[in-house]
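Commentary on secondary and tertiary structure
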Amino acid sequence: MTALLSSMGASIEIGLIFAILAMGYMLTYKFLKYYDLSLEGTYPLGAFLTAVIIQKGLGPYLGIIGSIVAGGLGGCLTYFFYKKVKVDPLLSGILTLTILYSINLRVGGVSNIPIAGSPSIFGDLPKWPILLVLTILIKLVIDYYLRSEAGYLLKITGNNRKLVKQLGKNPDGMIMIGLILSNALIGLSGGLMANYQGFADIQMGTAMIVTGLASIIIGDTIMKSSDKLRDSSRAIMGAIVYRIISGLAIYLGLNPNDLKLITALIVIVFISYNNYLSKRKYNRMVNNARD
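The paragraphs below set out a description of the structure included in this document. (Residues numbered from 1 in each chain as written. Predicted model: local features only at pLDDT ≥ 70, side-chain atom pairs only at ≥ 80, totals over all residues. Heavy atoms only, no water.)

Quick word on the overall build of the protein
Looking only at helices and strands, the protein features eleven helices and two strands. Going from the N terminus to the C terminus, the protein shows its helices and strands as α-α-α-α-β-α-α-α-α-β-α-α-α. With respect to the three principal axes, the spread of C-alpha positions in the protein is 70 × 55 × 30 Å. The buried share of the protein, reckoned over its 291 residues, is 47%. Nonlocal contacts in the protein, meaning residues at least 24 apart in sequence, comprise 77% of its contacts between residues at least 6 apart. In the protein, the 26 positive side-chain charges and the 14 negative ones have mean positions that sit 6 Å from each other. (Helix = DSSP H or I, 4+ residues; strand = E, 2+ residues; numbered from the N terminus. Buried < 20%, exposed > 50% of the residue type's maximum accessible area, 1.4 Å probe, protein only. Contact = heavy atoms within 4.5 Å. Lys, Arg positive; Asp, Glu negative; His and termini not counted. Charge placed at Lys NZ, Arg CZ, Asp CG, Glu CD.)

Section: the packing of helix H2 (residues 39–55) against helix H3 (residues 60–84)
H3 packs onto H2 with a crossing angle of 150° between their chain directions and a minimal axis gap of 8 Å. Considered as vectors, H2 and H3 are oriented roughly antiparallel to each other. Remark: the crossing between H2 and H3 carries right-handed chirality. Here Thr42, Leu45, Gly46, Leu49, Thr50, Ile53 and Ile54 of H2 lie close against H3, whose contacting residues are Pro60, Leu62, Gly63, Ile64, Gly66, Ser67, Ala70, Gly71 and Gly74. Looking at the contact of H2 with H3 residue by residue, the class counts come to eight nonpolar, eight polar and no charged. (Axes fitted to C-alpha atoms, helices over the stretch in contact; angles between N-to-C directions. Parallel < 35°, antiparallel > 145°, perpendicular 65-115°, else oblique. Left-handed = near helix turned anticlockwise from the far one by under 90°. Nonpolar A, V, L, I, M, F, W, Y, C, P; charged D, E, K, R; others polar.)

Focus: the packing of aromatic side chains
Evaluation of the coordinates by the stated rule reveals seven aromatic pairs. An angle of 55° between the planes, with centres 6.5 Å apart, marks the rings of Phe18 and Tyr43 as tilted. You can see Phe18 sitting in helix H1 (residues 2–32) and its partner Tyr43 sitting in helix H2, a full 25 residues away along the chain. On the basis of relative accessible area, Phe18 is assigned to the buried category, the value being 6%. (Phe/Tyr/Trp six-rings, centres within 6.5 Å; stacked < 30°, edge-to-face > 60°.)

Comments concerning the environment of Ile54
Following the sequence through the fold, Ile54 ends up in helix H2. By relative accessible area, which is 5% here, Ile54 ends up buried. With residues near it in sequence (within four places) discarded, Ile54 still touches Gly59, Pro60, Ile115, Ser118, Pro119 and Asn195.

With respect to the environment of Lys33
The topology assignment puts Lys33 in the loop between H1 and H2. Linking Lys33 and Met8, residues 25 residues apart in sequence, is a C-alpha distance of 33 Å. If sequence neighbours within four positions are ignored, Lys33 has contacts with Thr28, Gly158 and Asn159. Polar contacts involving the side chain of Lys33 include one to the main-chain carbonyl oxygen of Lys30, which spans 2.9 Å. (Polar contact = N/O pair within 3.5 Å; in protein donor to acceptor, adjacent residues only side chain to side chain.)

Points about the environment of Ser189
You can see Ser189 is positioned in helix H8 (residues 171–197). Residue Ser189 is classed as buried on the basis of its relative accessible area of 0%. Residues Ser189 and Met23, spaced 166 residues apart in sequence, show a C-alpha to C-alpha distance of 10 Å. Once residues within four sequence positions are removed from consideration, Ser189 is found in contact with Ile17, Phe18, Ile20, Leu21 and Tyr43.

Here we look at helix H5 (residues 127–147)
With 21 residues, H5 extends 31 Å from end C-alpha to end C-alpha; this agrees with the ideal 30 Å at 1.5 Å per step. Among the residues of H5, those classed as buried are Leu131, Thr135, Ile138, Lys139, Ile142, Asp143 and Leu146. One side of H5 carries all its buried residues, which in axial view fall inside an arc of 140°. Away from its buried face by more than 90 degrees, H5 exposes Val141, Tyr144 and Arg147. (Expected span 1.5 Å × (residues − 1). Arc of directions from axis to C-beta.)

Now the structure itself:
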């Protein structure tokens, strides 16, 4: 039982780190309808830059700031490909993550940077309270932003660009802001993960897109009919549930090599369940209309 509780505790902590990534990816995937794959490059970029700064003795807090800035610059690069080079959104993200793979190796010099034993933002304190407070603060900032005029424009850009233009704003500008904010949070998530696990690895970003999608899809399933839950709250809960399921699978004896398979299956199950709920809601509306 002690081992199970320890495993679940670690899963919740990692879930809180992934919750920041999920809230970032939510801005582009859910609101802008921009399917940004560059997160698989900006996530490890944040981790590598943080690890290098810590390794050079400049402190973990400067490393965290660096991860946010680096992630935002990665978002700028994706926007540059999309807007200036006229590359398809999907391909622009692929180009960015490909470029950042080499940049990450240049930044680190090696494919794995150990920083265990070096100062971290957690110090000697328990990790989960720090991660919880940080996640809640970021959620509150995102909620405040999305309630502002700029946030409203960002939310409607994905569904109605013409309306944004009619309001005298540039929808491409909203996409740029969304990409920068999204990847800044994703870079922060990578920096936190480097602090948490004590190293940065070049393979950290592999299949991270599935983690972001899984968190959002699972979150949208939780209390689906409720209007009280904000999108940021759903992203947080989805990330934590996703990690608990993954952690439980490993605790029960799953081969870690099969974890990506389980991740894909989790996404498929929740997508199917969401489709089932949507179909049932539609059938109920049809029946009510007939009555």
